[in-house]
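Examining the three-dimensional arrangement
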Amino acid sequence: MKFSGKNVLITGASRGIGADIARVLAKMGLKVWINYRSKPELADELMNEINKDGGQAAVIKFDVTDEDEFIKGINLIIDSDGELSYLVNNAGITNDKLALRMKTEEFTSIIDANLTSAFIGSREALKVMSKKRFGSVVNIASIVGETGNAGQVNYSASKGGMIAMTKSFAKEGASRNVRFNCITPGFIQTEMTAVLSEEIKKAYVDSIPLKRLGNPEEVANAVAFLLSDYSSYTTGEVLKVNGGLYV
């Protein structure tokens, strides 16, 4: 994969899909900034793993829902490296509940954590990247942002909003050569799916044309493509990584 920039910030990167994104991008030659909010031991472990394997990694702690912290984090990276070339808005949470039982704050808290945080990151990245007329941002949404899902009104809304927001940022960033794209993973083997019963997993797999769950590295490879120069004429797009579940 070919990159014109030298570093990338990945939010929520200490574990799960974010950690695999960091591993893949580091192997491709980028310096990865591993953002975390809690559990510094996981972030440090990943950093040490990447550095030991010959990559470049650094950890950076901030809460993506805190605007001031997010901005300070980006400024720290620029002070260290002189630039920010790429951003992956990966951080996100769930709080599943049927809509009839969902309190307003349970809805808005997910919107803030998943969508508002990605807005802050995308806005600040556009400011920084516009100065050198180069940059690429990938937002990690979800298949439920396209299809909806019972019990996930809040999560679906946050990810559906992320898709629309990405397209709008793409229109604003294009004249500055800053690209914005989105990935919508389907059912991926993570901690969230690991706790599901075998019966539920089988039902999911049966509904997927490729007849298996995806793995985090497959999402990470898609991220690498959308960040890289190989997708230099691609912006405002939604790349589905779901095994054909929603086509």
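So, here's what we can say about the structure. Fair warning: this is a prediction, and the values are worked out from it, not measured in the lab. (Residues numbered from 1 in each chain as written. Predicted model: local features only at pLDDT ≥ 70, side-chain atom pairs only at ≥ 80, totals over all residues. Heavy atoms only, no water.)

Right, let's get into the nonpolar core. The biggest cluster of nonpolar side chains holds 35 residues, and the ones touching the most others in it are L25, V32 and I34. Secondary structure elements with two or more residues in this core: β1 (7–10), α1 (16–27), β2 (31–36), α2 (40–52), β4 (86–89), β5 (135–140) and α9 (216–227). What L25 contacts, discounting residues up to four positions off in sequence, is F3, V8, I10, L30, V32, A224 and L227. One finds A91, V137, F169 and V238 within the second-largest nonpolar core, a separate group that totals 31 residues. (Core = buried A, V, L, I, M, F, W, Y, C linked by side-chain atoms within 4.5 Å. Buried < 20%, exposed > 50% of the residue type's maximum accessible area, 1.4 Å probe, protein only. Helix = DSSP H or I, 4+ residues; strand = E, 2+ residues; numbered from the N terminus. Contact = heavy atoms within 4.5 Å.)

Applying the stated rule across the entire model yields six aromatic pairs. Centroid distance F3 to Y86: 5.7 Å. Interplanar angle 75 degrees. Geometry classified as edge-to-face. Linking F3 in the segment before β1 with Y86 in strand β4, this pair joins segments that are 83 residues apart in sequence. Of the two residues examined, F3 and Y86, each falls in the buried class. On the numbers, 4.9 Å between centres and 40 degrees between planes, the contact of F62 with F70 is tilted. Assessed through its relative accessible area of 0%, F70 is described here as buried. Taken together, F3, Y86 and F134 form an aromatic cluster joined through their ring pairs. (Phe/Tyr/Trp six-rings, centres within 6.5 Å; stacked < 30°, edge-to-face > 60°.)

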